[in-house]
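Architecture and fold: a report
Here's the letter readout for the chains.
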Amino acid sequence: MNVHQLLSISPVVPVVTIRDAHQAVPVARALQDGGVRVIEVTLRTGSSLECIERIARELPSMTVLAGTVCHATQVRESLAAGAAGIVSPGLTEAIATAVDTAGAAWLPGVATASDIMRGLALGLDSFKLFPASIAGGPEALRAFAGPFPGVRFCPTGGIDRAAVARYLELGNVACVGGSWVATEKMIDAGDWEAIRANAEFVATLRAAEKCQ
Ligand code: 3PG
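Residues numbered from 1 in each chain as written. Predicted model: local features only at pLDDT ≥ 70, side-chain atom pairs only at ≥ 80, totals over all residues. Heavy atoms only, no water.

Next up on the list: the environment of Phe-130. Examined against the element boundaries, Phe-130 turns out to sit in the loop between β7 (126-129) and α7 (137-145). When the C-alpha positions of Phe-130 and Gly-109 are compared, they lie 5.5 Å apart, and in sequence the two are 21 residues distant. Sequence-distant contacts of Phe-130, defined by excluding residues within four places in its chain, comprise Pro-89, Val-110, Ala-111, Ala-135, Thr-156 and Gly-157. (Helix = DSSP H or I, 4+ residues; strand = E, 2+ residues; numbered from the N terminus. Contact = heavy atoms within 4.5 Å.)

Rendered as structure tokens:
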């Protein structure tokens, strides 16, 4: 899977932090039942890799991404666990080398024009704008469209359900990321119905056709 394919799966990529690995498959299944076939599992808990492994093994039609990947070793661990792609809050040459060696799809975070230019120099054309609401939001994305016409973004960070449409209407936004679809509170409470309902809402948003 390349990064363009990855960005075209769903208009919203649910960013999920799971503490108990037993909750991984129910969370992913709730998303899938609601019509969302991608999940970004953040590497922020001791069970993150096991969560990726369980989802990849038990729900093969879900695309599992490893998120919050900050070190090259995490690239290798995530891919070994079954991740189909790597998402990072920023961009480093060490991670670029690791994903390149592995032939993996990578969505690095950027917040400035210089970050984007570093990514372009590495041969990349798709980025996560992070943290999107602080890094300028829709106005920044409109401004980036001028100097970087071929670049596509997945803005993430501070984008709630109500703000999604303001991002998706932009020509250089392929999809957005957000934790509101499956919050830690919903996961801790085992509220799979709330997650499924949010996924159903996501599935009604316009298809992410801009990166196909
Ligand atoms: C994160 O790093 O947690 C993601 O960017 C999600 O951000 P959000 O919780 O503001 O949606």
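What follows picks up the thread again.
Before going further, it helps to examine the site of the ligand. Around the ligand, the surrounding shell consists of Val-15, Arg-44, Phe-130, Thr-156, Gly-157, Gly-158, Gly-178 and Ser-179. For the ligand, an oxygen atom lies 2.6 Å from a polar atom in the backbone of Gly-158. Between the ligand and Ser-179 there is a distance of 2.5 Å, counted from an oxygen atom to a side-chain nitrogen or oxygen. For the ligand, the protein covers 77% of the area, taking 310 Å² as the surface of the free molecule. (Near = heavy atom within 4 Å. Polar contact = N/O pair within 3.5 Å; in protein donor to acceptor, adjacent residues only side chain to side chain. Areas by Shrake-Rupley, 256 points an atom, 1.4 Å probe, with all protein chains shown as cover.)

Further remarks concern helix α5 (residues 93-102). Of all the positions in α5, only Ile-95, Ala-96, Ala-98 and Val-99 are classed as buried. Along the axis of α5, the buried positions cluster into a sector of 165 degrees, meaning they face one direction only. Those residues of α5 that are exposed and aimed more than 90 degrees away from the buried face are Asp-100 and Thr-101. With its phi angle positive at about 70 degrees, Gly-103 sits one or two positions after the end of α5. (Buried < 20%, exposed > 50% of the residue type's maximum accessible area, 1.4 Å probe, protein only. Arc of directions from axis to C-beta.)

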